[in-house]
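Each chain, letter by letter, is given below.
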Protein chains: 2
Amino acid sequence: MTPSAPGPWLLLTGMMGAGKSTTGRILARVLGLPFIDLDDAITQRMGEPLHQLLARQGEPAFRMIETETLLELIASRGQKPLIVALGGGTYVQPGAPERLRHAGLTVYLNASQDELERRLDAHQRAARPLLASSPAALQELLQARQPRYALADLHLPVDGRTPHQVAADLLDALPRNHLPCQSVTVPLQERAYPVWISPDGAERAADLADLRLRALQPAPTRLFVLRDAGLPEAHAQSVLGGLRRAGWHLLDLPVGPGEGAKSPEVLAEVWAWLIQHHVRRDDVLIALGGGVVGDLAGFAAATALRGIRCLQLPTTLLAMVDASVGGKTAINVGGAKNLVGAFHQPIGVVCAAGLLNTLPPRELASGLGEVLKYALLQGEDALADLERRAEALQRHDPHAHADLIHACCALKARVVAADEHDRGLRALLNLGHTFGHAIEALAHLQDLAHGAAVALGILLATRAAHLLHLASSDEAEALTRRLRDLCARCGLPTDPSAFLRDPERFAALMAGDKKAQGHHVTLILPLAPGRIVTHPVATEQLQTLLCDLARADWRA
Amino acid sequence: MTPSAPGPWLLLTGMMGAGKSTTGRILARVLGLPFIDLDDAITQRMGEPLHQLLARQGEPAFRMIETETLLELIASRGQKPLIVALGGGTYVQPGAPERLRHAGLTVYLNASQDELERRLDAHQRAARPLLASSPAALQELLQARQPRYALADLHLPVDGRTPHQVAADLLDALPRNHLPCQSVTVPLQERAYPVWISPDGAERAADLADLRLRALQPAPTRLFVLRDAGLPEAHAQSVLGGLRRAGWHLLDLPVGPGEGAKSPEVLAEVWAWLIQHHVRRDDVLIALGGGVVGDLAGFAAATALRGIRCLQLPTTLLAMVDASVGGKTAINVGGAKNLVGAFHQPIGVVCAAGLLNTLPPRELASGLGEVLKYALLQGEDALADLERRAEALQRHDPHAHADLIHACCALKARVVAADEHDRGLRALLNLGHTFGHAIEALAHLQDLAHGAAVALGILLATRAAHLLHLASSDEAEALTRRLRDLCARCGLPTDPSAFLRDPERFAALMAGDKKAQGHHVTLILPLAPGRIVTHPVATEQLQTLLCDLARADWRA
């Protein structure tokens, strides 16, 4: 018999002093979930402090009361997410692991004996009924219980970690969809960081950001928030207010809106703002906005004091699925996109999909342009899934968006980990971008959403694969047709021909792209879903290729 | 009997195909030294091609001719530096290593059999008398000779290396002072790079830069030169002309002169210049100038296309002893020094001390301010040496300067390797800088040379060590007196009291320094030569300390 799936609760077990209650309370607050401390529930039910109850009735009777309390709770509240801190002995009782599995997932907060001794001073031990007997009681109890704790679904080491750090570790360790917040880790050793994805809105964004910040070592002193002036004021104030209420000293600067904010002039203003307020190495810069603010804030953080920490709090679908993850930061110089910047990984990314509820349809579609890229990179299943949900994704469905963000970030995290500095594999993430950047430059940056340009770039790349003899005409045309259908359903443009009227200028813009190496431009060409190749083209051949692409039939 | 020191020659030995002649010729050209190919010398002397001579007379007779030629050369030219490519068999003759040691240092260019077979095609082998006999001849010859080659003073692996790379490797491997170019390696694994120090001037600078650039992998396409507009035109044109003559496609942009060029505005101009000329990832940015240009160019290189390669070609003593090495790049924002920047290691540093012959005395003295810091960090010997040579160093003595630059760079390379990102040990290099930056800000950046501010900072730090109870009054006063004497003799200021008139503002400037952590400023305090400690001071205590320092007797 395979065990059934665990119920919706999250239960914390471990020794007294391991931090079950503190951690549970933090996590519940951050996720907006109810929290129950089982010991408190027993005290309340019995109208008597725990140590009295235990002393008066003895441990066997106490365990029966504990089990009853728990079963009552499961019966009344077992259907909905809830975070429960168990008593130190609850989980080690015979039958407890089986009983609790129906309720939910149990996590063992694993503290070593040394750590527990550090945490519990003599006074505290005297107050705990089971430890008061002798100095060796702790060691004996731990040895006796450990084999039972080991049965828990998840084990989390807590030595040397603060409760906020353990709560953050827990978020990262939980299986997908167990709690209403998904985590993707970008695994870059000492620069590893989590991407937290929630279907909730501004309040949750502030709470998650607060958790990430409190888990940082060294602790930040102040927060500088660079925010998109185009973000609805209600969202902005809700995030800022949440952080202030959490006790943070916070300075904020609105920039933009629009791509124009990614300029040397605005960057200089951001630097001056940071310096004027005596930014310190332990301060954190938060990017609250779309890709423009994320790129600008990331670059400012990379360079202020030669590098301070940056937290990305994206507010557009485009930034959530792509721009906020991976540490590429940049500004535009001389009308060319992203040619000046730095690699600077954030210390965390918080995606609250509920923030997208005010996003204009054009911006939502733009995000779907990048999603299209990820789906094509991932393969048939992902592309078919996107085709199934194209219309739903244009509505404001935070759960559907959270799923999508998770899928894209999970892929991006893998690629970034394999090639942080864009020397090889990561180039694939530029699918649609070499054509797309030229299209954006031709559209003078403002008139076309980034994701729309990427979508057109993908279409051009797909047909180019045939023109460069990497795919048959039938294959390329079938894929082009399929992608154009999907673009149309996602609210994305399907006809790049307006941008192909001046192939010479288009070619020059492509040759100026930073992916260009010497006399070649490396194109990223889709042959089929999941089959993407890189292919160098001599810069003098680009114009011919673009003329051929202009001659293709781009009508519906 | 210990072997006597080798003579001034550099002799290259190794198999045919190992690159003795090509490498020797490259190195000789770069260093402006004469070069002799022994085989050519024999041909010339005998008036007959080598293979004919060998075929006609047989090997024993040929070896006698070879030895005679060599002895004649040593007799006539053995007193001066000369680079000699030996014949493949010269060094393996009985008595040759001993004979050649009088002439100089012998380097074995060690190529594996596989490598030699790749390099010598059948045609080439047929042309080499000793290889023509059979396909196995190469292997047999190599096996027979290898134990003799092993007697050479230095062994250099050459498999997979181009002749330029081998020549560069050779420069780095040679013992100090054997050739008129010293090398210090900054040992940062895959980002390791050489600092080459020559007593020669502009022409040598161009030649050494050319060698470094040709040794790069991947090969650069073009060179962007950011140069100090204050550099004498003759020097600038000589360096640029040398690089152009070496065949480089070169673009140059003058900036400055002066600290004002380290601004966001000038940085934006540099970015625009790079982008306008379609800078590519394989291009190299050269910083030709003092610390201002080095910092600005380094930061531009760190950020253009998220990082292109940078070669530092410093033209001031200050930049040669300090600023050009270590990868700290920065600009000034809001009147505060170096608060925006990046860590970006150069791919090489070329210090041609002869370039200092036009440096104004004020600038030379400024460099000595940083030298004072290094001497104090190194200990009694270095400080005493500086005291011995204080006056000489203010004259234009390129050999004395080259020695000094070598000593400072060697220390800095060790510190940078141990703490690239300035988290610990590297903080010691800020000796004099926390006070010094505040002094520079009070002097409005322009009026006081950086090294002069550092020297005053060191004096303040020395007395502060006593005020903070880390040194006795006697110790601190004795060291202060000694350092002030040395400053006076180096043309550096000795009295910081003019800057201490507003301790409140001075303290605020120190607290705004990026070394400040939260509510503390970490001071670097000298207790004695070679005994430097870091010490945190609460920001609210700084003003009291500065008032006490202002009360000290700073008159001569």
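Residues numbered from 1 in each chain as written. Chains lettered and ligands numbered in written order. Predicted model: local features only at pLDDT ≥ 70, side-chain atom pairs only at ≥ 80, totals over all residues. Heavy atoms only, no water.

A.B. asks: Looking at this model, I keep getting lost on the overall build of chain A. Mind explaining?
C.D. replies: Helices and strands together make up the secondary structure of chain A, namely 22 helices and 16 strands. Its C-alpha radius of gyration of 27 Å places chain A within 12% of the 24 Å reference for a compact globule of 556 residues. Put simply, 76% of the contacts in chain A that link residues at least 6 apart link residues at least 24 apart. Of the roughly 21100 Å² of accessible surface on chain A, 53% is carried by carbon and sulfur atoms. (Helix = DSSP H or I, 4+ residues; strand = E, 2+ residues; numbered from the N terminus. Rg over C-alpha atoms; globule rule 2.2 N^0.38 Å. Contact = heavy atoms within 4.5 Å. Areas by Shrake-Rupley, 256 points an atom, 1.4 Å probe, with all protein chains shown as cover.)

A.B. asks: I'm lost on helix α18 (residues 433-442) of chain A in this one. Help?
C.D. replies: Residues spaced three or four apart along an α-helix face the same direction, because each turn holds 3.6 residues. All names here are of chain A. Summarising burial for α18: 9 of the 10 residues are buried, a large majority. Every buried residue of α18 is listed here: H433, T434, F435, G436, H437, A438, I439, E440 and A441. The first or second residue beyond α18 is H444, which carries a positive phi of 60°. (Buried < 20%, exposed > 50% of the residue type's maximum accessible area, 1.4 Å probe, protein only.)

A.B. asks: Explain the interface of chain A and chain B to me, please; I cannot follow it from the model alone.
C.D. replies: Much of the literature gives interface size as the accessible area that the parts lose upon coming together. Facing the 40 residues of chain A at the interface are 39 residues of chain B. Between chain A and chain B, the buried area comes to about 3200 Å², and carbon and sulfur atoms account for 57% of it. The three residues of chain A that bury the most area against chain B are R280, R281 and R306 of chain A, which together make up 27% of that side's buried surface. Taken together, the connections running from chain A to chain B amount to 2 salt bridges. For R281 of chain B, the salt bridge is made with D422 of chain A, and the minimal N-O distance between the two is 3.8 Å. Our enumeration of links across chain A and chain B arrives at 6 residue pairs in polar contact (both at pLDDT 80 or more). By residue number, the principal contributor to the side of chain A that touches chain B is strand β13 (residues 336-343) of chain A, which donates 7 residues. Looking at side-chain class alone, the side of chain A that touches chain B contains 20 nonpolar, 11 polar and 9 charged residues. (Buried area = accessible area lost by both parts, 1.4 Å probe. Salt bridge = Lys/Arg side-chain N within 4 Å of Asp/Glu carboxyl O. Polar contact = N/O pair within 3.5 Å; in protein donor to acceptor, adjacent residues only side chain to side chain. Nonpolar A, V, L, I, M, F, W, Y, C, P; charged D, E, K, R; others polar.)

A.B. asks: Help me out: how do you make sense of the nonpolar core in this one?
C.D. replies: For soluble globular proteins, nonpolar side chains are generally found buried alongside one another. Membership of the largest hydrophobic core comes to 173 residues, with the highest contact counts inside it found for L10, L243, F435 and F506 of chain B. Residue contacts for F435 of chain B: discarding those within four places in its chain leaves G457, L460, A461, A464, F506, M510, L523, L545, L546 and L549 of chain B. One finds V30, I36, A449 and L525 of chain A within the second-largest nonpolar core, a separate group that totals 171 residues. (Core = buried A, V, L, I, M, F, W, Y, C linked by side-chain atoms within 4.5 Å.)

A.B. asks: Any chance you could explain the pattern of salt bridges here in plain terms?
C.D. replies: Two side chains that carry opposite charge are able to pair once their charged atoms sit near each other. Under the defined criterion, the tally for this structure stands at 78 salt bridges over all chains. A salt bridge links R176 of chain A to D403 of chain A, with the shortest nitrogen-to-oxygen separation between them at 3.1 Å. Of the two residues, R176 of chain A sits in the loop between α9 (163-173) and β6 (182-186) while D403 of chain A sits in helix α17 (residues 398-418), which places them 227 residues apart along the sequence. Measuring nitrogen to oxygen at the nearest pair gives 3.4 Å for the salt bridge that ties D322 of chain B to K373 of chain B. Here D322 of chain B, found in helix α14 (residues 317-323), pairs with K373 of chain B, found in helix α15 (residues 361-378); they are 51 residues apart in sequence, far enough to count as distant. Of the two residues examined, D322 of chain B and K373 of chain B, each falls in the buried class. The network of salt bridges with shared partners includes R29, D200, R204, D207, D210 and R214 of chain A.

A.B. asks: Got a minute to help me understand the state of the cysteines in this structure?
C.D. replies: Put plainly, two cysteines are in a disulfide when a covalent bond ties their sulfur atoms together. This model, assessed by the stated rule, comprises 0 disulfides over all chains. For C181 of chain A, which is in no disulfide, the shortest distance to another cysteine sulfur is to C351 of chain A and amounts to 9.7 Å. Overall, the relative accessible area of 5% leaves C181 of chain A in the buried class. No disulfide involves C487 of chain B; its nearest neighbouring cysteine sulfur is the one of C490 of chain B, lying 6.9 Å away. You can call C487 of chain B buried: its relative accessible area is 1%. (Disulfide = S-S within 2.5 Å.)

A.B. asks: Help me out: how do you make sense of the relation of the copies chain A and chain B in this one?
C.D. replies: Note that the two copies of the chain are related through a rotation about an axis and a translation along the same axis. Superposition record for chain A on chain B: RMSD 0.1 Å, screw rotation 180°, translation along axis 0.1 Å. Such a combination of turn and shift is consistent with a two-fold rotation axis. Looking at the interface residues of chain A, 95% of them are also at the interface in chain B, so both copies use one shared face. (Least-squares fit on C-alpha atoms with pLDDT ≥ 70 in both.)

A.B. asks: Honestly, the packing of aromatic side chains in this entry has me stumped. Any pointers?
C.D. replies: To describe a pair of aromatic rings, one takes the distance between the centres and the angle between the planes. Scanning the entire structure with this criterion turns up 8 aromatic pairs over all chains. Consider the rings of W271 of chain A and F299 of chain B, whose centres lie 6.1 Å apart with planes at 40°: the pair is tilted. Taken as a pair, W271 of chain A in helix α12 (residues 264-276) and F299 of chain B in helix α13 (residues 291-303) lie in two separate chains rather than in one. Above the plane of the ring of Y374 of chain A lies K373 of chain A, whose end atom (NZ or CZ) is 4.7 Å from the centre. Sitting over the face of the ring of W554 of chain B, R463 of chain B holds its NZ or CZ atom 4.3 Å from the ring centroid. (Phe/Tyr/Trp six-rings, centres within 6.5 Å; stacked < 30°, edge-to-face > 60°. Lys NZ or Arg CZ within 6 Å of the ring centre and 35° of its normal.)

A.B. asks: In this structure, what is going on with the sheet that holds strand β1 (residues 9-13) of chain B? I would like to understand it.
C.D. replies: Working definition: the strands of a sheet are paired by backbone hydrogen bonds and lie parallel or antiparallel to each other. Residues and elements named next belong to chain B. The parallel open sheet is built from 5 strands, whose spatial order is β2-β3-β1-β4-β5. Each edge of the open sheet carries a strand with a single partner, namely β2 (35-37) and β5 (154-157). Geometrically, the sheet is characterised by an average inter-axis angle of 20° between neighbouring strands, direction not taken into account. Across the face of the sheet, helix α8 (residues 137-149) comes into contact with β1, β4 (104-110) and β5 while running at roughly 145° to β4. (Pairing = 2+ DSSP bridges. Axes fitted to C-alpha atoms, helices over the stretch in contact; angles between N-to-C directions.)

A.B. asks: Sorry if this is basic, but what is going on with the pairing of strand β16 (residues 531-538) of chain B here?
C.D. replies: Regular strands place their side chains on alternate faces of the sheet. Residues and elements named next belong to chain B. When strand β15 (residues 520-528) meets β16, the two strands line up antiparallel, connected through 8 bridges. Pairing of V521 across the sheet is with V537, part of β16. As consecutive antiparallel partners, β15 and β16 are separated by 2 residues, and within that stretch G530 has a phi angle of approximately 80°, a positive value.

A.B. asks: Can you help me understand the pairing of β6 of chain A in this one?
C.D. replies: All names here are of chain A. Counting buried residues in β6 gives 4 out of 5 residues, a clear majority hidden from the surface. As paired elements, β6 and strand β7 (residues 193-198) share 5 bridges and run antiparallel to each other. From the neighbouring strand, S183 faces β7, where its bridge partner is W196.

A.B. asks: Which parts of the structure should I look at to understand the environment of L459 of chain B?
C.D. replies: Take L459 of chain B: it is sitting in helix α19 (residues 450-467). Among all residues touching L459 of chain B, those that are not within four sequence positions of it are T480, L483, R484, P493, T494 and W554 of chain B.

A.B. asks: Please clarify how empty space enclosed by the protein should be interpreted in this entry.
C.D. replies: Residue and element names in this part refer to chain A. Considering all chains together, one arrives at 6 cavities of 30 Å³ or more under this definition. Space inside the largest cavity adds up to approximately 60 Å³. Every residue lining the largest cavity is listed: G294, D295, G298, C310, Q312, A323, S324, G327, K328, T329, H344 and P346. Mapped onto the lining of the largest cavity, the elements with two or more residues apiece are α13 (291-303), β11 (309-314) and β12 (328-333). Sorting elements by how many residues they give to the lining of the largest cavity places α13 first, with 3 residues. (1 Å grid on protein atoms, 1.4 Å probe; cavity = no way out; pocket = protein on both sides within 12 Å on 5 of 7 lines; lining within 4 Å. Points joined across faces, edges and corners; volume = space filled by probe spheres on them.)

A.B. asks: Please explain the packing of helix α18 (residues 433-442) of chain B against α19 of chain B as it appears in this structure.
C.D. replies: Two quantities define a packed helix pair, namely the angle between the helix axes and the distance between the axes. Residues and elements named next belong to chain B. α19 packs onto α18 with a crossing angle of 130° between their chain directions and a minimal axis gap of 7 Å. On the basis of the axis angle, α18 is oblique to α19. Viewed along their axes, α18 and α19 form a crossing whose handedness is right-handed. Each of H433, F435, G436, H437, I439 and E440 in α18 lies in contact with α19, whose residues at this interface are H450, A453, V454, L456, G457, L460, A461 and A464. (Parallel < 35°, antiparallel > 145°, perpendicular 65-115°, else oblique. Left-handed = near helix turned anticlockwise from the far one by under 90°.)

A.B. asks: Please explain a negative patch on the surface as it appears in this structure.
C.D. replies: A cluster of acidic residues, E265 and E269 of chain A together with E265 and E269 of chain B, forms a negative patch at the surface. Elements with a contribution of two residues or more to the negative patch: α12 of chain A together with α12 (264-276) of chain B. Structurally, E269 of chain A is set in helix α12. (Patch = residues over 30% accessible without salt bridge, like charges linked within 9 Å, V, L, I, M, F, W, Y side chains within 5 Å. Lys, Arg positive; Asp, Glu negative; His and termini not counted. Charge placed at Lys NZ, Arg CZ, Asp CG, Glu CD.)

A.B. asks: How should I be thinking about the confidence of the model for chain A in this particular structure?
C.D. replies: Reading fine detail from the predicted coordinates is not recommended where pLDDT is low. Summing up the model confidence of chain A, the mean pLDDT is 93 and the portion of residues at 70 or higher is 97%. For this predicted complex, the interface confidence reaches an ipTM of 0.91, while the overall pTM sits at 0.93. (pLDDT = per-residue confidence, 0-100.)

A.B. asks: Whenever I open this one, the sheet that holds β7 of chain A confuses me. Can you help?
C.D. replies: All names here are of chain A. Across the sheet, which stays open at both edges, the 7 strands sit in the order β6-β7-β14-β11-β10-β8-β9 with mixed pairing between neighbours. The strands lining the two open edges of the sheet, one partner per strand, are β6 and β9 (250-255). Neighbour-to-neighbour, the strand axes of the sheet open up by a mean angle of 15°, direction not taken into account. Each of β6 and β7 is contacted by α9, which is oriented at about 70° to β7, the strand it contacts most. Relative to β9, α12 is tilted by about 165°, and along the sheet it contacts β8 (223-228), β9 and β10 (284-289).

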